[in-house]
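These are the residues of each chain, in order.
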Amino acid sequence: MQLAEPQEFERVLSSMCTEPHPAAREAAERFLATNPGDPDTYESVAALEDRAMDLLGEVTGHPEADGYVASGGTEANVQAVRIARNRADTDDPNLVAPVSAHFSFTKAAEVLGVELRTAPTTDHRADPGAMAELVDEDTVCLVAVAGSTEYGYVDPVPDLAALANEVDALCHVDAAWGGFVLPFTDHEWHFGHADVDTMTIDPHKIGQAAIPAGGLMVRSQDLLDELAIRTPYLESTSQVTLTGTRSGAGVASAVAAMEALWPEGYREQYRTSMDNAEWLADQLAARGHDVVEPDLPLVAADLSVPMTEQLRSRGWRVSKTGADEMRVVCMPHVTRSMLRSFVADLDWY
Ligand SMILES: *Cc1c(COP(=O)(O)O)cnc(C)c1O
C-alpha cells in the first residue's frame, strides 16, 4: 500500500499546531526510541526533561516551577484537576470554569468524578462575578484561560487567582495555546503575575515542537506529589504522569525548539503573526464582516456558513466557533502571502 503523504500546511488556517522547527524535528527523530516514563533506565531523556522544565519555568515566570512534558494540553488539564481534587478534603468536588474553557475540562470532570460548573463570559472573557456565584466550599479548582481556543482571549488571571484563594481552591491557568506568545504582551497571566498554582502550556502548539509535547507546570513540588503512585517493576519507584510509556521525541523536540527560539525567535514570530492577524481582521472588516478584534494571533469573523463551506471546497482548512463564526489561527506557518490568496479567494465569491 502506498503511504499517504504527511500534512501540507499551505492552506491550513484552522489548526493550533504547526510545522515543527527544523531543530525540533531532528531532535524528535533522534529520541524516537526513548521513554521518559522510565527515567532511571532512560537517563539522557530524563535529563532533557529537566531542561524542558527549566525553560518552561522561564517562559511562565517561575524558574523554580516543577512539572513534566505531557502528551498535550488535554492530559495537562486533566492532571491539574486531579491535583486539585486529590488535595482537597471533600466528597463532592466541583470545578469552576468560564464557558470559554477548552472541552478537555469536560473530559477531566467525567474521568475524575468532579462536577464541572461553567460561568458565562463577558466579551469572551471570564467574568469574575459570574465565577464567584458558582464557587462554594466544595470548589477544588478555578480555571482561567490565557489564550482561549475560540477567540484567543485572556481571562483576568489575578482576579480569578484571588477568588480561588478565598475558597482555598487551586487556580489553574490554561495557556496551552497562548503560552508562547503571552510573554511578549502586557497580559498578566503567569506564576509571577498572580497566585497561580498550576498551568498548562503546550510546546507542540506555538512552541513549534513536534507532537506530542504538552506541558503541565506546578508552582511547587508538593502539588506534583498529589499525583504520585508507586511503580513496582520500573527502575524508578513512583510516577506522576497519566500515561506510562511516553514520547521521548516530544520531550527532546520541546527542548530543541525552546533552545532555538526562546525568547527572541518566539518574540519575532509573535510580531509577525500578530501583524498578520491584524491585517486579516482589517481586510475582513473592510468587506463588511463583523470581526472579533484579535488580542492574540487568532481572528474570528461572521462569514456565512455557505461562504466557509466554499472556502473549504477550495482547499482552505478553516474552522468555526460555537457561534458559527469563521476562525483563522495565525500560526507560524500562516504567512502574509497565504492570507492574501485566502482573501483573494474570498473576493471571488
Ligand atoms: C489545544 C488546547 C487544549 C488541548 O490541548 P491538546 O494538546 O489538543 O490536548 C487545551 N486548552 C487550550 C486552551 C487549547 O488551546
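Novice: Where do I start with the site of the ligand in this structure?
Specialist: Of all residues adjacent to the ligand, which total 15 residues, the nearest are Gly73, Thr74, Asp174, His204 and Lys205. Within the contact set of the ligand, an oxygen atom lies 2.9 Å away from a backbone nitrogen or oxygen of glycine 73. Within the side chain of histidine 204, one N or O atom sits 2.9 Å away from an oxygen atom of the ligand. A total of 380 Å² of accessible area belongs to the ligand in isolation, and the protein chains cover 86% of it. A per-element tally of the shell around the ligand places helix α3 (residues 73–87) first, with 3 residues. Residues that form the shell around the ligand fall into these classes: 3 nonpolar, 9 polar and 3 charged.

Novice: Help me understand the environment of glycine 129 in this model?
Specialist: Mapped onto the elements of the fold, glycine 129 is located in helix α5 (residues 128–134). By relative accessible area, glycine 129 is classed as partly exposed at 40%. Residues glycine 129 and leucine 160, spaced 31 residues apart in sequence, show a C-alpha to C-alpha distance of 9.6 Å.

Novice: Please clarify how the sheet that holds strand β3 (residues 115–119) should be interpreted in this entry.
Specialist: The pairing of strands in a sheet happens through backbone hydrogen bonds and is either parallel or antiparallel. What the 7 strands build is an open sheet, ordered β1-β9-β8-β7-β6-β2-β3; its pairing is mixed. Two strands lie at the open edges of the sheet, namely β1 (66–70) and β3, each paired on one side alone. Sheet twist, expressed as the mean angle between neighbouring strand axes with direction ignored, is 20°. Bridging between strand β6 (residues 139–145) and strand β7 (residues 170–174) involves 5 bridges; their strand directions are parallel. Across the sheet, residue valine 143 finds its bridge partner in β7, namely histidine 172. Where helix α2 (residues 43–59) meets the sheet, its contacts fall on β1 and β9 (214–218), and the angle it forms with β1 comes to roughly 110°. Contacting β6 and β7, helix α6 (residues 157–166) runs over the sheet at an angle of about 180° to β6.

Novice: Is there a simple way to think about the packing of aromatic side chains in this case?
Specialist: In this description, a pair of aromatic rings is defined by centroid distance and the angle of the planes. A full pass over the atoms with the stated rule returns 5 aromatic pairs. Centroid distance phenylalanine 184 to tryptophan 262: 6.0 Å. Interplanar angle 40°. Geometry classified as tilted. Pair noted here: phenylalanine 184 is in the loop between β7 and β8 (198–200) and tryptophan 262 is in the loop between α8 (248–261) and α9 (264–286), with a separation of 78 residues, a long-range link. Residue phenylalanine 184 is classed as buried on the basis of its relative accessible area of 16%. Between the aromatic rings of tryptophan 316 and phenylalanine 342, the centroid separation amounts to 5.1 Å while the plane-to-plane angle is 75°, which identifies the pairing as edge-to-face. Taken together, the positions of tryptophan 316 in the loop between α10 (305–313) and β14 (319–320) and phenylalanine 342 in helix α11 (residues 336–348) put the pair 26 residues apart, joining distant regions of the chain. Ring-pair connections join several aromatic residues into one group, and the members of that group are Phe184, Trp262 and Tyr270. Directly above the aromatic system of tryptophan 348 lies the positively charged group of arginine 314, at a separation of 4.7 Å from the ring centroid.

Novice: What am I meant to see in the domain arrangement of the chain here?
Specialist: Reports of interface size often rely on the accessible area that becomes lost once the parts have come together. In terms of domain boundaries, the chain breaks down into domain 1 (22–261) and domain 2 (264–348). For the pair domain 1 and domain 2, the two sides together bury roughly 1,900 Å², of which 63% comes from carbon and sulfur. Put simply, domain 1 and domain 2 have 1 salt bridge between them. For aspartate 295, the salt bridge is made with arginine 125, and the minimal N-O distance between the two is 3.6 Å. Counting across the domain 1 and domain 2 interface gives 9 residue pairs in polar contact (both at pLDDT 80 or more). The dominant element in the side of domain 1 that touches domain 2, judged by the number of residues it contributes, is α8, at 3 residues. Of the residues contributing to the side of domain 1 that touches domain 2, the split by class is 12 nonpolar, 10 polar and 3 charged.

What counts and what doesn't
- Within each chain, residue numbers correspond to sequence positions counted from 1 in written order.
- With pLDDT at 70 or above as the cut-off, local features in this predicted model cover only qualifying residues; side-chain atom pairs require 80 or more to be listed or tallied, and sums for whole chains, interfaces and linings still use all residues.
- Each side-chain value is worked out from all heavy atoms of the structure, with water and hydrogens disregarded.
- Proximity is defined per residue: if any heavy atom of the residue lies within 4 Å of a molecule or strand, that residue is considered near it.
- A 3.5 Å cut-off defines polar contacts: any pair of N or O atoms within that distance qualifies, except that in protein one atom must be a possible hydrogen donor and the other a possible acceptor, and neighbouring residues in sequence count only when both atoms are side-chain atoms.
- Here the accessible surface of atoms and residues is derived via Shrake-Rupley with a 1.4 Å probe, and residues count as covered only by protein chains that are part of the display.
- The secondary structure listing takes helices from DSSP runs of H or I that are at least 4 residues long and strands from runs of E that are at least 2 residues long, numbered from the N terminus.
- Under this grouping Gly is polar, as are all residues other than the nonpolar Ala, Val, Leu, Ile, Met, Phe, Trp, Tyr, Cys and Pro and the charged Asp, Glu, Lys and Arg.
- Burial here depends on accessible area, computed with a 1.4 Å probe over protein chains only, as a share of the maximum for the residue type. Under 20% is buried, over 50% is exposed, and the range in between is partly exposed.
- In short, DSSP must find at least two bridges between two strands for them to pair.
- Orientation is described by axes fitted as lines to C-alpha atoms, over the contacting stretch for helices, and by angles from 0 to 180 degrees between their N-to-C directions.
- Residue contacts are counted whenever heavy atoms from the two residues lie within 4.5 Å of one another.
- Any Phe, Tyr or Trp ring, taking Trp's six-membered ring, that has another such ring centre within 6.5 Å forms a pair; planes under 30 degrees apart are called stacked, those over 60 apart edge-to-face, and the others tilted.
- Here, a charge over a ring is recorded when the distance from Lys NZ or Arg CZ to the ring centre is within 6 Å and its angle to the ring normal is within 35 degrees.
- Note that the domain bounds reflect an automated or database-derived domain assignment.
- Accessible area that two parts lose when put together, evaluated with a 1.4 Å probe and summed over both, is termed the buried area.
- Here, a salt bridge means any Lys or Arg side-chain nitrogen found within 4 Å of an Asp or Glu carboxyl oxygen.

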